[in-house]
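Residue-level listing of the chains:
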Amino acid sequence: MGYFTMKKSGQKIVAVCGVKNSGKTTLLAALIKELTKRGKKTVVIKHDGHDFSCDIPGTDSYLLKEAGAYGAAVFSDSRIFIHKTGTGEREMELIRMFPEADVIFIEGMKEKNFPKIEVIREGVSTVPVSNPEGRFLIVTDRDPADYREETAGFEETKKIVDKILEEG
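Residues numbered from 1 in each chain as written. Predicted model: local features only at pLDDT ≥ 70, side-chain atom pairs only at ≥ 80, totals over all residues. Heavy atoms only, no water.

J.: It is not clear to me how the packing of aromatic side chains should be interpreted in this structure. Could you clarify?
T.: Each aromatic ring pair is summarised here by two numbers: the centre-to-centre distance and the angle between the ring planes. With the rule as written, the count across this model stands at 0 aromatic pairs. Taking the ring centre of phenylalanine 154 as reference, the NZ or CZ of arginine 121 above it sits at 4.0 Å. (Phe/Tyr/Trp six-rings, centres within 6.5 Å; stacked < 30°, edge-to-face > 60°. Lys NZ or Arg CZ within 6 Å of the ring centre and 35° of its normal.)

J.: Help me understand the environment of valine 19 in this model?
T.: Secondary-structure assignment places valine 19 in the loop between β1 (12–17) and α1 (24–37). For the pair formed by valine 19 and isoleucine 120, sequence separation is 101 residues and the distance between their alpha carbons is 7.7 Å. Ignoring anything within four residues of it in the chain, the contact list for valine 19 reads Lys24, Val124, Ser125 and Val129. (Helix = DSSP H or I, 4+ residues; strand = E, 2+ residues; numbered from the N terminus. Contact = heavy atoms within 4.5 Å.)

J.: So what exactly am I meant to see when it comes to helix α4 (residues 157–165) here?
T.: Two residues of an α-helix separated by three or four positions point the same way, owing to the 3.6 residues in each turn. All of the buried residues along α4 are Thr157, Ile160, Val161, Lys163 and Ile164. Down the axis, α4 shows its buried residues gathered within 155 degrees of arc, on one side only. Its buried side turned inward, α4 meets β1, α1, β5 (103–107), β6 (116–120), β7 (135–140) and β8 (151–152). (Buried < 20%, exposed > 50% of the residue type's maximum accessible area, 1.4 Å probe, protein only. Arc of directions from axis to C-beta.)

J.: Is there a simple way to think about the pattern of salt bridges in this case?
T.: Side chains that differ in charge, positive against negative, can pair when their charged atoms come close. The tally for this structure, following the rule as stated, stands at 11 salt bridges. Between glutamate 118 and arginine 135 there is a salt bridge, with its nearest N and O atoms 3.7 Å apart. Highlighted residues: glutamate 118 in strand β6 and arginine 135 in strand β7, separated in sequence by 17 residues. Across the pair, arginine 135 and glutamate 118 agree in class, each one buried. Three or more residues are tied together by salt bridges with common partners; here these are Glu34, Lys37, Arg38 and Asp162. (Salt bridge = Lys/Arg side-chain N within 4 Å of Asp/Glu carboxyl O.)

J.: Mind showing me how you'd approach unusual backbone geometry here?
T.: Most peptide bonds take the trans configuration, and most residues that are not glycine carry a negative phi. Backbone geometry places asparagine 21, a non-glycine residue, at a positive phi of 65 degrees. Of the residues examined, asparagine 21 reaches a relative accessible area of 60% and is grouped as exposed. A positive phi is found at methionine 109, a non-glycine position, where the angle reads about 60 degrees. Inspection of the secondary structure puts methionine 109 in the loop between β5 and β6. A residue is classified by how much of its surface remains accessible, and methionine 109, at 4% relative accessible area, is buried.

J.: When you look at the sheet that holds β5 in this model, what are you seeing that I'm missing?
T.: Where strands meet in a sheet, backbone hydrogen bonds hold them as pairs that are either parallel or antiparallel. Taking strand neighbours across the sheet as the criterion, the 6 strands line up as β2-β5-β1-β6-β7-β8 in an open arrangement whose pairing is parallel. The open sheet has two free edges, formed respectively by β2 (42–46) and β8, since each of these has just one partner strand. Here 2 bridges tie β7 to β8, and the two strands are oriented parallel to one another. Considered in β8, the bridge of valine 139 is made with alanine 152. Lying on the sheet, α1 is in contact with β1, β2, β5, β6 and β7; it crosses β5 at an angle near 175 degrees. Where α4 meets the sheet, its contacts fall on β1, β5, β6, β7 and β8, and the angle it forms with β7 comes to roughly 170 degrees. (Pairing = 2+ DSSP bridges. Axes fitted to C-alpha atoms, helices over the stretch in contact; angles between N-to-C directions.)

Given below as structure tokens:
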């Protein structure tokens, strides 16, 4: 199975999904550390099924958004923060915002066809809940014999990263 690669840039795009509290963010942090050690620029696009707050009360950008600004951007030589009222953007619009990234992780989006890693943690879940199309790895602390798909343990960060970086 080939991995979804942006044709022009060679970016790898991988969804990391699983039920709530399965360890998605913890796994992503470990993968990002390993990819960074290998000189890869990584991005995480997190899908949140609920509304969320992304600015700090009391800051100028927060006050201006609260006053009715459609968007606010703050930047310096080393950082950019954009707070924009959504207009129905989807994951592909967000992916295009990071042309310099080598690997883009999407946390969530289990129903999509993206290449994906499913996280299954003992005591939290037992079976995959994602669309099997595109799923190339299950990361779990359960017995690998419970699954008909390739698995890796949470501690096998290098193996997981190797799998992500393989050419499809």
